[in-house]
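# What the coordinates show
The lines below spell out each chain.
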Amino acid sequence: MKTIDFQIRRQDDPYSPPYWQSFSIPYRKGHNVVSALMVIRENPITQEGHHVDPVAWEFNCMEEVCGACSMVINGRPRQACSTLVDTLTQPIRLEPLSKFPVIRDLMVDRSRIFSDLKKVRAWIEIDGAWDIHQGAPRVSPEAWKENYLYSRCMSCGCCMEACPQYGETEDFVGPASLAAVRLMNAHPTGQYHKAQRLHAIMAEGGLSDCGNAQNCVRVCPKEIPLTTAIGELGRQVTLQMMKDLLGKSE
Amino acid sequence: MKRPRKVIIIGGGLGGLWSALRVAEAGFQVDLFSLFEVKRSHSVCAQGGINACFDTKGERDSIWQHTVDTLKGGAYLANQPPVKSMCEEAPGLIHTFERMGVTFSRTAEGLMDLRLFGGVKNRRTVFAGASTGQQLLYGVDQEVRRQESLGRIRKFEWWEFLSLVLDGQDTCKGITAMNLRTLEIKSFRADAVILATGGMGQTYGHRSTNSTNSTGAAACRVYQQGAWLANTEFFQFHPTAMLGDDKTRLMSEAARGEGGRIWVPQDPEDTRRPTEIPEQDRFYFLESWFPSYGNTVPRDVASRAIWRVVHEMKMGVGGEHKVYLDLTHLNPGFIEQRLHAILDIYRKFHGADPVHEPMEIYPSAHYAMGGLWVDFEKDESSGGMKPGSQRNHATNIPGLYACGECDYGYHGANRLGANSLLSASFSGRVAGEAVAAYLKGLQDDLQSVPEYKYLNEVARQQAINQTLMESRGEENPYALHHELGELMSSRVGVVRDNDVLRQAIDDLSELEERSLHINLQETNSWSNQGLAYTRQLQEMIRLGRVIAVSALARDECRGAHYKPTLDLTIPENTYPGDPAYEKYREAWKQQNKDWLKTTIASASETGPKISYQPVDLSVLPPEEPRDYR
Ligand SMILES: Cc1cc2nc3c(=O)[nH]c(=O)nc-3n(C[C@H](O)[C@H](O)[C@H](O)COP(=O)(O)OP(=O)(O)OC[C@H]3O[C@@H](n4cnc5c(N)ncnc54)[C@H](O)[C@@H]3O)c2cc1C
Ligand code: SF4
Ligand code: SF4
Ligand code: FES
């Protein structure tokens, strides 16, 4: 019988040591890594025939848009739901992202991504979510096209996994948060608070921690031009430093 | 000193986040609960767009026309004042999204672009590339993060809502929830609770376009504690969903619009590759049954035709539940340009290229029009919903509100495309404002609710967990969910029949019984996913029963609810004024007299109890039947 073979790195909880287990499921055309994991969880028996606890992992949309199902698949960080089994060499090795603390098996704690978004103030300041009875500023189609590229970041963590500067202990905010600053700074009213965001990434753990290794941009499942954003921010930061020197505020 | 009033919001999709903002802005403390980081909520899946009348395409579009389209599209089953208010406030809502930073697609002049969406004549749908829901959710997510950094909102992500805590007067005074990592169950006090837990497509298992968070479990839990469910028999099926073992993925109408043809082999046993099957051995059933519209018939008509071919005629491809949607006869350059986004999804998830190979599709459970019953207060002067009334979006349990896809508000018997991102956002905003009003009028002190009320509820929930963890039955929760999906989709699906529904109700009771004899196959109690899954599954089975019982009770065809023997169709080639048409109109009006009413399901020992409520028809009285000709 044709099978699909997996080696999965497992860990029972944050404090216990990791270990590996192998599973095989019957071959079926069209499996992606999430649908294959679903088959395993229904009947969690290893290749050796041992009955084990089902593998825990995260997923929600199954359309590569929620960012939940990131894991390291055959050495590469990517979304499990959009990775087709037929495109992979077997045995397929599944590991949790290594830059975040493991919760269990393939699940990791990515809360840091969201606190970093707070750190860099990745939002637009509005008076309130009520109607102000007037239209918002216009945006040229060219500017829209560039901004839209960045607005699709789903906080999946793949770029951080690939970035040599980003680590469990380091405080570098990572490429995605930097790209968020790029996006917010380009918004017609978001520009008003550009200086605050730039100051946030001029501090420790900010832009200067990026070693320009370009790994991030190669793994982003949404093809977000992260290094372009980082380049643009470099120029914005230089200008901001000059303004700061001259004592001008905004 | 008086303690600040506290509100618990459950759900961080568009509905939940909008309500959180409005409650926080009114000065109340918000605790926001979600199964996972709110940014990953199902709302991100919506691609198409969101409706609001801007009339920037020279079509003389109007808010009134948006209202009419919504009401008629819903076969008049929605209460009309809330719909009127929603359509009126839609443009302002979109501008607020824009201020939050949502990257709406632009015209050459820098205005928000509009596109045409199903069921309407005017361009009225704003969109953000091919990921509108994602962009809208991120807009509010950012604002919520800002409020969080100011200390006004606290997030409880990775916590699952389990039940309400009610005081001696059956007023909602808090919840119990389970930490999905530690499995600890705790109670939380609150002066009011808003449920914004999304849709219930997972009751149709993998035969749904919904994300895993759309189980309806939370709604079913409060239903069992006394909240009413309304109009749950109305479920929208999307005719052309790509098949998958994990889920079915939406394939937009545009594929048919651009010339896609739907067919099956004349011989279902035909083992040839579809491209090798010659024309004379194919059955283009839509073209043959609907010569004037062919493949572009409306969603519900297409779903029913596919159903007929597969279930009645047993002509599904290879004997399975699937038919072909074929683009291979079209010019590859043309479809690449027009349908790029769709082709990409198919290639990505199926590893096959629709330019060279027909796609395999089947109707899939897409959107629940029904849900928790919610109230509204009519504003007599405007005919809409009264702004800031504490009755708006209140369930029948005092202190409990609902918004988003989990309520039954705005879509009647069928939803217009691109209207649900609107209703989720709008209803969230309204619910937040209503709760603020409720709290301002609230006299009693939360601390006066005795502690044992909370302790008892926690103990009850812990007992459910313990029973499941210790259960060593034969049943596998994942296999049961699969069975539930097949049952619901084939018997409480696109086409309904009373005998089949009766059988389905019996089978659902049996499934419920079986779901008590589960084996979780797991001893690790840390981040045990099977436990939460099984608890949700049990709720989905109960919910399936509510849907089936409501469907059995409603003996008519209306919107998405279809019983072929009761169908009234407009006689061919007749128009208003023709005797045959007027006879039809009379029959249609009689049907409205009998059935234009809201279904209310309430929980009882013996199962769902059905009653009905009149619909507020004060904006557009039903004189004109829906006519898509
Ligand atoms: C594929 C697809 C495409 C669509 N496209 C469009 C479109 O183009 N236009 C349109 O208008 N509509 C579209 N819709 C419909 C629309 O996306 C949804 O109706 C809407 O997003 C629902 O939002 P919500 O806030 O109600 O729920 P959701 O976004 O589903 O959020 C639910 C929230 O509740 C939480 N939750 C659930 N249960 C619990 C619990 N027990 N405890 C704690 N938290 C819980 C979840 O964590 C989540 O945060 C589409 C739907 C699908 C499936
Ligand atoms: S370019 Fe910067 S952010 Fe990207 S991987 Fe390299 S160091 Fe990390
Ligand atoms: S930038 Fe790309 S890889 Fe990084 S979090 Fe966003 S979507 Fe994921
Ligand atoms: S499950 Fe949402 S990105 Fe994979």
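Rules used throughout
Residues numbered from 1 in each chain as written. Chains lettered and ligands numbered in written order. Predicted model: local features only at pLDDT ≥ 70, side-chain atom pairs only at ≥ 80, totals over all residues. Heavy atoms only, no water. Helix = DSSP H or I, 4+ residues; strand = E, 2+ residues; numbered from the N terminus. Buried < 20%, exposed > 50% of the residue type's maximum accessible area, 1.4 Å probe, protein only. Contact = heavy atoms within 4.5 Å. Expected span 1.5 Å × (residues − 1). Buried area = accessible area lost by both parts, 1.4 Å probe. Salt bridge = Lys/Arg side-chain N within 4 Å of Asp/Glu carboxyl O. Nonpolar A, V, L, I, M, F, W, Y, C, P; charged D, E, K, R; others polar. Domains from an automatic or database assignment. Polar contact = N/O pair within 3.5 Å; in protein donor to acceptor, adjacent residues only side chain to side chain.

## Overview of the overall build of chain A
A count of helical and extended segments in chain A gives eight helices and seven strands. Dimensions of chain A, computed from C-alpha atoms along their principal axes, come out at roughly 70 × 40 × 30 Å. Counting over 250 residues, chain A shows a buried share of 56%. Here the contacts in chain A between residues at least 6 apart in sequence split such that 63% fall between residues at least 24 apart.

## Structural notes on helix H8 (residues 226-246) of chain A
All names here are of chain A. Across its 21 residues, H8 extends 30 Å between first and last C-alpha, which sits within 8% of the 30 Å expected from 1.5 Å per residue. Inspection of H8 places Leu-226, Thr-227, Ala-229, Ile-230, Glu-232, Leu-233, Gln-236, Val-237 and Gln-240 among the buried residues, and these make up the whole buried set. Elements that come into contact with the buried residues of H8 comprise helix H3 (141-151), helix H4 (158-162), helix H5 (175-186), helix H6 (194-202) and helix H7 (215-219). Directly after H8, the chain includes Gly-247, whose backbone phi takes a positive value near 80 degrees.

## A look at the interface of chain B and chain A
Taken together, the contact pairs 73 residues of chain B with 73 residues of chain A. Approximately 6,000 Å² of surface area, both sides summed, lies buried where chain B meets chain A, with 51% of it carried by carbon and sulfur atoms. The interface formed by chain B and chain A includes seven salt bridges. Between Arg104(A) and Glu522(B) there is a salt bridge whose closest N-O contact spans 2.6 Å. For the side of chain B that touches chain A, the secondary-structure elements that each account for two or more residues are helix H1 (14-25), helix H3 (80-100), helix H4 (132-149), strand E13 (249-250), helix H10 (340-350), helix H13 (477-491) and helix H15 (529-553) of chain B. A total of nine residues in the side of chain B that touches chain A trace back to one element, the largest contributor, which is H4(B). Of the residues in the side of chain B that touches chain A, the class split is 20 nonpolar, 31 polar and 22 charged.

## Some details on the domain arrangement of chain B
All names here are of chain B. Splitting chain B by domain gives domain 1 (243-363) and domain 2 (473-614). Distance from the C-alpha centre of domain 1 to the C-alpha centre of domain 2: 27 Å. Facing the six residues of domain 1 at the interface are eight residues of domain 2. Carbon and sulfur atoms make up 68% of the area that domain 1 and domain 2 hide from each other, which totals about 650 Å². Among the residues domain 1 hides against domain 2, the three largest losses belong to Arg-304, Trp-307 and His-321. Together they make up 75% of the total. At the boundary of domain 1 and domain 2, one finds zero salt bridges. There are one residue pair in polar contact (both at pLDDT 80 or more) connecting domain 1 and domain 2. At five residues, the largest contribution of residues to the side of domain 1 that touches domain 2 is made by helix H8 (residues 299-312). For the side of domain 1 that touches domain 2, the per-class residue count stands at two nonpolar, two polar and two charged.

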